[in-house]
Amino acid sequence: MAPILNLTNPQCIVKSSDGKGRGVFAAHAIPSQTTVESSPVLLFGKEEYEQHGRFTILDHYTFKWPNGRMALALGLGSLFNHSNTPNVSYTIDSANDLIHYTTTRPVEPGEELCIYYGSTLWFDLADPAVASDTPDQLDDGWGGLSSVDVDSGSVSKAPFPPFFRGAVDDILPEEELPFERFKPPPEEETADSIRTIQAWAVDVPDPRSIGLMLKWLRRSDLDASELGHLKRVRKQNDTSTFLLSVSTSPSLSSEPPSLPADIPLPAPYLLPVPASAALTLTSLDLKNALWPTVYAPRRKGEVEPWTRGRARWAWGAMRAAVREAQQRGRDAGELPVAAYVPAPYQSDADADADLASDADDKGADAFMAHDTRRSAAHPLRHAVMNVIRQIADARARSGDVAEQPIHTSTPGDEEENDSDSVPPLNANGTNYLLTARTLFTTHEPCIMCSMALLHSRVKEVVYLLPMRATGGCGGGTCVPALPGVNHRFGICRWTGDAVLEAEAGLQVDASVDA
Ligand SMILES: C[S@@+](CC[C@H](N)C(=O)[O-])C[C@H]1O[C@@H](n2cnc3c(N)ncnc32)[C@H](O)[C@@H]1O
């Protein structure tokens with residue numbers, strides 16, 4: 001077929017597209033966010049469509065429209081083919097019975113302009129090599145072209161943020177990440193600012209036993225992850241001291257770890273050791289005075305890199321939290337605040353390794369909670385507290401706790417006082433509820449919740465709405481930066497989908513502790 005220049009829109013050409021029939025192509029370079037077409041639609045009532053339309057060729061061309069109706073786009077609208085990596089988004093303008101098609105990135109001359117139909121297709125992809133890399137939850141399960149956004153008359157939006165295009169394992173530049181990181185506090189460079197943790201140590205009278213101690217340690221189940229930033233042995237004035245484990249309790253009532261039976265040793269004792277590696281030489285000197293510490297200078301501005309796949313995972317998680325908060329705020333009359341701990345992100349390689357090792361189903365490892373202070377008439381039923389409790393309860397049920405359950409009451413219980421719950425015995429980190437986990441929340445957690453997150457050893461917190469007066473993650477105060485706390489976690493403010501914030505209906509009074 002000879003290419004046809006679209007006279008109403010000189011930016012587009014209609015011509016054959018390999019294996020797809022006709023398609024719409026760029027006549028010349030088109031910048032991102034350009035509306036390349038606005039198609040008027042013919043509307044079908046639900047019944048008319050169900051009884052007739054869907055048995056015809058129209059079924060391949062219709063869009064889902066508000067109020068259960070179906071729309072057939074005139075103009076070029078019906079000729080955009082599908083791509084899993086689309087360069088055009090479409091927005092339904094129900095006030096004017098139009099669909100607007102907008103580029104989501106710069107388009108090269110001659111490039112095909114494609115939209116995303118959904119994850120359930122009724123035809124074989126002409127280019128199956130481009131695997132689906134869009135989240136399943138975006139598919140509405142409807143057979144035709146799914147509707148993506150209903151235009152409120154102002155913004156036209158891309159169906160997916162820019163980080164949806166490209167290889168999952170690419171490291172994203174910092175400016176493309178869907179969040180801003182909270183800057184960590186300056187490194188501890190005065191004696192008073194050094195954060196410490198209590199650890200068990202034992203003096204080793206015979207230095208020749210050190211080798212045996214190291215071998216014993218490898219066989220023992222003492223958790224070394226919290227001590228990775230420290231040297232294992234300190235030599236001071238002819239005394240060799242061996243670091244054993246972190247104390248789970250800052251008090252002296254913590255149980256000492258057991259020692260190797262075949263090496264004569266005195267009783268172990270608790271001492272304060274640096275809580276983290278030294279990032280500067282000044283800090284190294286100060287920390288070494290407490291215990292020999294690893295020097296791990298952070299390159300200027302160095303932060304943990306994020307891959308595109310992980311950014312997509314975060315995007316899905318934040319949307320899930322927003323949906324939960326919106327729904328509970330609307331339907332249940334609760335404060336519209338939700339917290340979500342998704343199953344940890346897995347790259348394709350990790351997932352393959354897990355399959356090979358027959359790992360547990362990670363999908364079962366996700367926890368969602370919303371604020372219930374209104375329905376429970378309980379001021380401490382914040383979303384974050386509820387989700388932490390859910391995790392603790394799940395652990396207790398599965399028996400995945402050291403020595404005894406941490407807490408077994410459910411969010412509906414009246415008793416909040418923990419005084420009758422026995423603190424876990426020496427657990428060497430196994431009782432931390434959120435080690436290596438990321439928590440997504442619609443609102444910056446309050447100071448109480450931030451402290452609970454710290455106690456749970458959360459890895460990072462990603463929030464959408466800052467709570468400047470009451471927040472504990474940089475708003476009112478920054479709990480993980482307070483002197484005396486023994487864990488730090490990353491803090492990120494979601495910026496990637498400004499639309500979420502504008503439309504979410506998640507606003508709460510500035511005085512609320514979220
Ligand atoms: C809305 S129409 C798009 C215009 C269509 N190509 C035409 O010539 O009329 C949808 C149909 O286009 C075809 N199509 C769209 N995207 C495709 C793709 N990526 N691979 C193969 N066929 C595709 C399928 O036959 C589908 O039913």
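See the structure printed just above.
So, here is what we can say about the structure in this document. (Residues numbered from 1 in each chain as written. Predicted model: local features only at pLDDT ≥ 70, side-chain atom pairs only at ≥ 80, totals over all residues. Heavy atoms only, no water.)

Turning our eyes to something else, we now look at the overall build of the chain. When helices and strands are counted, the chain shows 8 helices and 21 strands. Across the 514 residues in the chain, those meeting the buried criterion constitute 46%. Contacts in the chain between residues far apart in sequence, at least 24 positions, make up 70% of those at least 6 positions apart. Carbon and sulfur atoms provide 54% of the accessible area of the chain, an area that totals close to 25000 Å². (Helix = DSSP H or I, 4+ residues; strand = E, 2+ residues; numbered from the N terminus. Buried < 20%, exposed > 50% of the residue type's maximum accessible area, 1.4 Å probe, protein only. Contact = heavy atoms within 4.5 Å. Areas by Shrake-Rupley, 256 points an atom, 1.4 Å probe, with all protein chains shown as cover.)

The subject of this paragraph is the pattern of salt bridges. For the structure on display, the rule yields 13 salt bridges. Here Glu180 makes a salt bridge to Arg493, at a shortest N to O gap of 3.8 Å. Taken together, the positions of Glu180 in strand β12 (residues 179-181) and Arg493 in strand β21 (residues 490-494) put the pair 313 residues apart, joining distant regions of the chain. For Arg493, a relative accessible area of 25% gives the class partly exposed. Across the pair Arg208 and Asp206 runs a salt bridge whose closest N-O atoms are separated by 3.1 Å. Judged by relative accessible area, Asp206 falls into the partly exposed class, the value being 28%. Sharing partners across several salt bridges, the network here consists of Glu304, Arg310, Lys459 and Glu460. (Salt bridge = Lys/Arg side-chain N within 4 Å of Asp/Glu carboxyl O.)

Take the packing of aromatic side chains next. Summed over the entire model, instances satisfying the criterion amount to 9 aromatic pairs. Aromatic side chains Phe179 and Trp306 sit 4.8 Å apart centroid to centroid with 65 degrees between the ring planes, which places their arrangement in the edge-to-face category. Taken together, the residues Phe179 in strand β12 and Trp306 in the loop between α3 (281-290) and α4 (308-331) connect sequence positions 127 residues apart. Ring geometry for Trp313 and Phe440: centres 5.5 Å apart, planes at 80 degrees, overall edge-to-face. Here Trp313, found in helix α4, pairs with Phe440, found in strand β19 (residues 438-443); they are 127 residues apart in sequence, far enough to count as distant. (Phe/Tyr/Trp six-rings, centres within 6.5 Å; stacked < 30°, edge-to-face > 60°.)

In the vicinity of the ligand lie 17 residues, with Lys20, Arg22, Tyr61, Asn81 and Ala126 positioned nearest. Arg22 places a polar main-chain atom, nitrogen or oxygen, 2.7 Å from an oxygen atom of the ligand. Here a nitrogen atom of the ligand and a backbone polar atom of Ala126 are 2.9 Å apart. When the ligand is considered free in solution it has 560 Å² of accessible area, and contact with the protein chains removes 90% of it. Secondary structure elements with two or more residues in the shell around the ligand: β3 (21-26) and β7 (81-82). (Near = heavy atom within 4 Å. Polar contact = N/O pair within 3.5 Å; in protein donor to acceptor, adjacent residues only side chain to side chain.)

On to α3, then. Restricting attention to buried positions, one finds in α3 the residues Ser283, Leu284 and Lys287. Relative to the axis of α3, the buried residues are bounded by an arc of 100 degrees and lie together on one face. Turned more than 90 degrees away from the buried face of α3, the exposed residues are Leu281, Asp285 and Ala289. Summarising the contacts, the buried residues of α3 are in contact with β16 (269-274). (Arc of directions from axis to C-beta.)

Of all 8 residues in strand β15 (residues 239-246), 7 are buried, a share of seventy percent or more. Sheet analysis places strand β13 (residues 196-204) next to β15, joined by 6 bridges and oriented antiparallel. Following the sheet pairing, Ala201 is matched in β15 by Leu243. As paired elements, strand β14 (residues 233-236) and β15 share 4 bridges and run antiparallel to each other. Across the sheet, the residue bridging to Val233 is Phe242, located in β15. (Pairing = 2+ DSSP bridges.)

Interaxial distance between helix α6 (residues 383-398) and helix α7 (residues 447-455) falls to 9 Å at its minimum, and their mutual angle equals 25 degrees. It follows that α6 is roughly parallel to α7 by the angle criterion. For the pair α6 and α7, the crossing hand works out as left-handed. Counted together, Val384, Met385 and Ile388 of α6 and Met448, Cys449, Ala452 and Leu453 of α7 form the full contact between these two elements. Residue classes in the contact of α6 with α7 are distributed as 7 nonpolar, no polar and no charged. (Axes fitted to C-alpha atoms, helices over the stretch in contact; angles between N-to-C directions. Parallel < 35°, antiparallel > 145°, perpendicular 65-115°, else oblique. Left-handed = near helix turned anticlockwise from the far one by under 90°. Nonpolar A, V, L, I, M, F, W, Y, C, P; charged D, E, K, R; others polar.)

So, about the environment of Trp200. Along the polypeptide, Trp200 turns up in strand β13. For Trp200 and Leu244, which are 44 residues apart along the polypeptide, the C-alpha to C-alpha distance reads 5.3 Å.

Ranked by internal contacts, the top residues of the largest apolar core, which has 35 residues, are Val387, Ile388, Leu434, Leu439, Leu453 and Phe489. Taken together, the elements giving at least two residues each to this core come down to β17 (338-341), β18 (367-370), α6, α7 and β20 (460-465). Sorting elements by how many residues they give to this core places α6 first, with 8 residues. Look past the residues within four positions of Leu434 in its chain and what remains in contact with it is Val341, Ile388, Ile391, Leu453, Ser456, Arg457, Val458 and Lys459. (Core = buried A, V, L, I, M, F, W, Y, C linked by side-chain atoms within 4.5 Å.)

Bringing the sheet that holds β12 into the picture now. The 6 strands lie next to each other as β12-β21-β20-β19-β17-β18, forming an open sheet whose pairing is mixed. With one partner strand each, in any of the chains shown, β12 and β18 form the two edges of the open sheet. Across the sheet, the mean angle from the axis of one strand to that of its neighbour is 20 degrees, orientation sign disregarded. Strand contacts of α6: β17, β18 and β19, with the helix running at about 140 degrees to β18, the strand carrying the most contacts.

Moving on, we come to the sheet that holds β16. Read from one edge of the open sheet, 4 strands run β14-β15-β13-β16, paired in antiparallel fashion. Of all the strands in the sheet, just β14 and β16 have a single pairing partner and so form its edges. Recorded for the sheet is a direction-independent mean angle of 45 degrees between the axes of neighbouring strands. Along the sheet, helix α2 (residues 209-219) makes contact with β13, β14 and β15, crossing β15 at roughly 10 degrees.

Without other data, these values stay purely geometric and don't point to any function.
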